Amino acid sequence: MLSLQAKKANTSIKGQDLLTLADYSPATIKALLKKAKELKKAYLSGEPTPILQGKILGLIFDKPSTRTRVSFEAGMLQLGGQVIHLNGQELQLGRGEPISDTAKVLSSYIDAVMIRTLSHERVVELAEHATIPIINGLTDLYHPCQALADLLTIQEEKGKLEGIKMVYIGDGNNVAHSLMIAAAKVGMNLVVATPIGYEPNEKVTELAKKFALENGGEISIESDPTQAVAGADVIYTDVWTSMGQEAENAQRLIDFKDFQVNEKLVLGAKDDYLFLHCLPAHRGEEVTGEVIDGNHSSVFQQAGNRLHVQKALLVEILQ
Ligand code: CP
Ligand code: NVA
């Protein structure tokens, strides 16, 4: 059975997993953002932060990555810790050793594992059998570390999160799911506009709506991007074809053609709207060069913030 909310919400996350932000309370998320700001300030001023000396993070990537891989590795080194790359195909996991046994064995050698893989169930299973924290570095269902960096960027640029109207245009995918949960937890209004048939997972939508109700935000799903974008403070998009969906690319190019974030679409947003994209981006598909390279875009600040939120996460779960 797919676990969307594996553990009860709590405030301290020492020793905890990050599988989905659904498991983290609003107070925990805000504390992580505060810690990220402190660590970013220290990083920018050249102040050393050897907080995790002697700690080892294992990194498993079953899919490609630039940002997640380099920011976790650099972040751990900047904190005085070390990383070990555990390529799935080089582990006995690649020859069929059960993930449950692998989880128990890794738990006796290292302090935490960050994993990027296809199915979310696989990460849940790893976490169930490991006695060390497991961090989700992207699955088919969620991308929680990305959503933390997104919140930090919005907070930096807009000065607040509560009451901000964010519009996500495109595929109801892993990035959209984590954004929905994150936005709902901090009281933002998020409109997700997707073509019919590409809506977010229904259980995730239900969960996000419940969190929004609890925290004074709103989550809604639309199919008209122009209507959705009206009065937006933040416009967010992601690729139309995620990793693992390459066979659907031709059909998706047709189905998403009216969902491109371009100069015409953004006219409906507020004059000072912020453009975000988790990257990598496909200019000319989900976004035009004019928008992503224009002066409303903070996508490289957003990518940079992956480093700081993940360092905050590592400190909070490992210190
Ligand atoms: N946004 C993101 O997760 O990028 P990578 O795939 O490069 O890690
Ligand atoms: N939705 C994209 C995000 C990449 C960071 C994918 O899963 O490929």
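Our structure is the block above this text.
As the structure is a prediction and not an experimental result, all values here were calculated from the model.

Let us look at the overall build of the protein chain. If you tally the helices and strands in the protein chain, you get eleven helices and nine strands. Its C-alpha atoms give the protein chain a radius of gyration of 19 Å, near enough to 20 Å, the size a compact globule of 319 residues would have. Per-residue burial for the protein chain yields a buried fraction of 55% across its 319 residues. For the protein chain, long-range pairs separated by at least 24 residues make up 74% of all intrachain contacts whose partners lie at least 6 apart in sequence. Carbon and sulfur atoms form 51% of the exposed surface of the protein chain, whose accessible area is close to 13400 Å². For the protein chain, the distance from the average position of its 31 positive side-chain charges to the average position of its 40 negative side-chain charges is 6 Å.

A word on the sheet that holds strand β4 (residues 134-136). Taken together, the four strands give an open sheet; going across it, the order is β2-β1-β3-β4, and neighbouring strands pair in parallel fashion. Edge positions in the sheet fall to β2 (82-85) and β4, since each of these pairs with one other strand and no more. Across this sheet, the average inter-strand angle for adjacent strands is 25 degrees, counted without regard to direction. Of the pairings in the sheet, the one linking strand β1 (residues 56-61) to β2 comprises four bridges and is parallel in character. Looking across to β2, one finds that Gly58 is bridged to Ile84.

Close to ligand 1 lie Ser65, Thr66, Arg67, Thr68, Arg116, His143, Gln146, Cys278, Leu279 and Arg306. Here Thr66 contributes a backbone N or O atom positioned 2.7 Å from an oxygen atom of ligand 1. Isolated, ligand 1 exposes 260 Å² of accessible area, and the fraction of that covered by the protein chains is 96%. Here the shell around ligand 1 is composed, by residue class, of two nonpolar, five polar and three charged.

Interaxial distance between helix α1 (residues 26-44) and helix α5 (residues 144-158) falls to 10 Å at its minimum, and their mutual angle equals 70 degrees. Here α1 lies roughly perpendicular to α5, going by the angle between them. Here α1 contributes Ile29, Leu32, Leu33, Ala36, Lys37 and Lys40 to the contact with α5, which in turn contributes Leu148, Leu151, Leu152, Gln155 and Glu156.

The next thing to look at is the packing of helix α2 (residues 67-78) against helix α11 (residues 299-318). The N-to-C vectors of α2 and α11 enclose an angle of 50 degrees; their axes lie 9 Å apart at closest approach. It follows that α2 is oblique to α11 by the angle criterion. Judged by the twist between their axes, the crossing of α2 over α11 is right-handed. Contact residues: Arg67, Thr68, Ser71, Phe72, Ala74, Gly75, Met76 and Gln78 in α2; Ala303, Arg306, Leu307, Gln310, Lys311, Leu314 and Leu318 in α11.

Taken in spatial order, the five strands make up an open sheet running β7-β6-β5-β8-β9, and their pairing is parallel. In this open sheet, the two edge strands, each paired with only one partner strand, are β7 (218-222) and β9 (274-277). For this sheet, the mean inter-axis angle between neighbouring strands, taken without regard to orientation, is 20 degrees. Bridging between strand β8 (residues 234-237) and β9 involves four bridges; their strand directions are parallel. Residue pairing for β9: Val234 is matched across the bridge by Leu274. Those strands touched by helix α6 (residues 174-185) are β5 (165-169), β6 (189-193), β7 and β8, and its axis lies near 170 degrees from that of β5. Across the face of the sheet, α11 comes into contact with β8 and β9 while running at roughly 50 degrees to β9.

It is worth spelling out the pattern of salt bridges at this point. Counted by the stated rule, this structure contains eleven salt bridges. Salt-bridge contacts for Glu38 lead to Lys35; the nearest nitrogen and oxygen are separated by 3.7 Å. Taken together, the residues span about one helical turn, with Glu38 and Lys35 both in helix α1 at a distance of three residues. Residue classification places Glu38 among the partly exposed residues on the basis of a relative accessible area of 44%. For the salt bridge of Arg122 with Asp62, the shortest nitrogen-to-oxygen distance reads 3.9 Å. With Arg122 in helix α4 (residues 120-129) and Asp62 in the loop between β1 and α2, this pair connects stretches of sequence that are 60 residues apart.

Thresholds, definitions, all that
Residues numbered from 1 in each chain as written. Chains lettered and ligands numbered in written order. Predicted model: local features only at pLDDT ≥ 70, side-chain atom pairs only at ≥ 80, totals over all residues. Heavy atoms only, no water. Helix = DSSP H or I, 4+ residues; strand = E, 2+ residues; numbered from the N terminus. Rg over C-alpha atoms; globule rule 2.2 N^0.38 Å. Buried < 20%, exposed > 50% of the residue type's maximum accessible area, 1.4 Å probe, protein only. Contact = heavy atoms within 4.5 Å. Areas by Shrake-Rupley, 256 points an atom, 1.4 Å probe, with all protein chains shown as cover. Lys, Arg positive; Asp, Glu negative; His and termini not counted. Charge placed at Lys NZ, Arg CZ, Asp CG, Glu CD. Pairing = 2+ DSSP bridges. Axes fitted to C-alpha atoms, helices over the stretch in contact; angles between N-to-C directions. Near = heavy atom within 4 Å. Polar contact = N/O pair within 3.5 Å; in protein donor to acceptor, adjacent residues only side chain to side chain. Nonpolar A, V, L, I, M, F, W, Y, C, P; charged D, E, K, R; others polar. Parallel < 35°, antiparallel > 145°, perpendicular 65-115°, else oblique. Left-handed = near helix turned anticlockwise from the far one by under 90°. Salt bridge = Lys/Arg side-chain N within 4 Å of Asp/Glu carboxyl O.

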